[in-house]
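Examination of the molecular architecture
Letter by letter, the chains look like this.
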Amino acid sequence: VTAPDTLPVVLVVDDETELRALLAEYFGRHGFEVRQAEDAAMARRLVAEQLPDLAILDVNMPGENGLSLARFLRESHPRLGLVMLTTAGESVDRIVGLELGADDYLPKPFEPRELLARLQTVLRRVAPAAAAPGRVWRFDGIEIDLDRRSVRRQGEAIDLTGTEFELLVLLARETPLN
């Protein structure tokens, strides 16, 4: 198996420990490296250490809120993908988040699969070069494209359900590299 050069890095910034852990586990299974921050100060430190490809920011956090952090990240890292999350369903919060430069906005509670689809869309939009060549695994005539969630054998497309695709990726990931 030829593994991707680098996994896309997602920074999850939320004061809810369980939500961060759930997203880290879920995104990890779907080919992302996940870094976690419980507040904006920790997020700033992590971004200084390693710039992620995308950040998921909770709007309502103690201390510096997600809107302020989004403004800072957008000004300092214009190519960084930003997705905002909040329990507040107010349209004004969504509008302000988008005006500050967020690429997308999702109210809580949300379906992790929908958030994953939105992340993949934002990544394609903000960093198409990063999402292209390193996200295809090849071995024994099989090609697994992690971004398109497609599989080819000897160049011919193979139809798989979402679960079948996830199982194949899991098995391929556990296969020792030669």
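Structure report, in brief. Treat the numbers as computed from the prediction; the structure is a model and nothing was measured. (Residues numbered from 1 in each chain as written. Predicted model: local features only at pLDDT ≥ 70, side-chain atom pairs only at ≥ 80, totals over all residues. Heavy atoms only, no water.)

Focus on empty space enclosed by the protein
Where empty space is left can be seen by rolling a probe of water-molecule size over the atoms. The final tally for this structure, using the stated rule, is two cavities of 30 Å³ or more. Taken as a whole, the largest cavity holds about 60 Å³ of empty space. Forming the boundary of the largest cavity are R29, H30, Q120, L146, R149, F165, E166 and V169. By residue number, the principal contributor to the lining of the largest cavity is helix 7 (residues 162–174), which donates three residues. (1 Å grid on protein atoms, 1.4 Å probe; cavity = no way out; pocket = protein on both sides within 12 Å on 5 of 7 lines; lining within 4 Å. Points joined across faces, edges and corners; volume = space filled by probe spheres on them. Helix = DSSP H or I, 4+ residues; strand = E, 2+ residues; numbered from the N terminus.)

Here we look at the packing of helix 1 (residues 17–29) against helix 5 (residues 112–126)
Look at helix 1 against helix 5: their axes get within 11 Å of each other, and the N-to-C directions meet at 60°. With respect to each other, helix 1 and helix 5 are oriented oblique. Crossing handedness for the pair helix 1 and helix 5: right-handed. Across the interface between the two elements, L22, L23, Y26 and F27 of helix 1 pack against P112, R113, L115, L116 and L119 of helix 5. Here the residues of the contact of helix 1 with helix 5 are counted per class, giving eight nonpolar, no polar and one charged. (Axes fitted to C-alpha atoms, helices over the stretch in contact; angles between N-to-C directions. Parallel < 35°, antiparallel > 145°, perpendicular 65-115°, else oblique. Left-handed = near helix turned anticlockwise from the far one by under 90°. Contact = heavy atoms within 4.5 Å. Nonpolar A, V, L, I, M, F, W, Y, C, P; charged D, E, K, R; others polar.)

With respect to the sheet that holds strand 3 (residues 54–58)
Ordered by their spatial adjacency, five strands build an open sheet running 2-1-3-4-5, and the pairing between neighbours is parallel. With partners counted over all chains shown, the strands left at the sheet margins are strand 2 (33–37) and strand 5 (104–107), one partner each. Each adjacent strand pair in this sheet contributes to an overall mean axis angle of 20°, direction not counted. When strand 1 (residues 9–13) meets strand 2, the two strands line up parallel, connected through five bridges. Counted as the bridge partner of V10 is V34 from strand 2. Here helix 5 sits on the sheet and contacts strand 3, strand 4 (81–86) and strand 5; the angle it forms with strand 4, its principal contact strand, is near 155°. (Pairing = 2+ DSSP bridges.)

Side note on the pattern of salt bridges
Counted by the stated rule, this structure contains nine salt bridges. Across the pair E16 and K108 runs a salt bridge whose closest N-O atoms are separated by 3.1 Å. Of the two residues, E16 is situated in the loop between strand 1 and helix 1 and K108 in the loop between strand 5 and helix 5; the sequence distance between them amounts to 92 residues. Assessed through its relative accessible area of 12%, K108 is described here as buried. For the salt bridge of R74 with D103, the shortest nitrogen-to-oxygen distance reads 3.2 Å. One end of the pair, R74, is in helix 3 (residues 66–76); the other, D103, is in the loop between helix 4 (91–99) and strand 5, with 29 residues separating them in the sequence. (Salt bridge = Lys/Arg side-chain N within 4 Å of Asp/Glu carboxyl O. Buried < 20%, exposed > 50% of the residue type's maximum accessible area, 1.4 Å probe, protein only.)

Looking at the nonpolar core
Nonpolar side chains tend to gather and get buried jointly when the protein is soluble and globular. L11, V13, L57, L73 and M84 are the most contacted members of the largest nonpolar core, which totals 21 residues. Contributions of two or more residues to this core are made by strand 1, helix 2 (40–49), strand 3, helix 3 and strand 4. Leaving out residues up to four positions away in the same chain, V13 has contacts with A37, D39, A40, A43, I56, L57, D58, M61 and L69. Ranked by size, the runner-up nonpolar core spans 19 residues in total, among them F27, L116, L119 and V122. (Core = buried A, V, L, I, M, F, W, Y, C linked by side-chain atoms within 4.5 Å.)

What about the environment of L115?
You can see L115 is positioned in helix 5. Residue L115 is classed as buried on the basis of its relative accessible area, which comes to 0%. Counting along the chain gives 92 residues from L115 to L23, while the straight-line C-alpha distance between them is 9.4 Å. Residues within four places of L115 in sequence aside, it is in contact with L23, F27, I56, V83, L85, L106 and F110.

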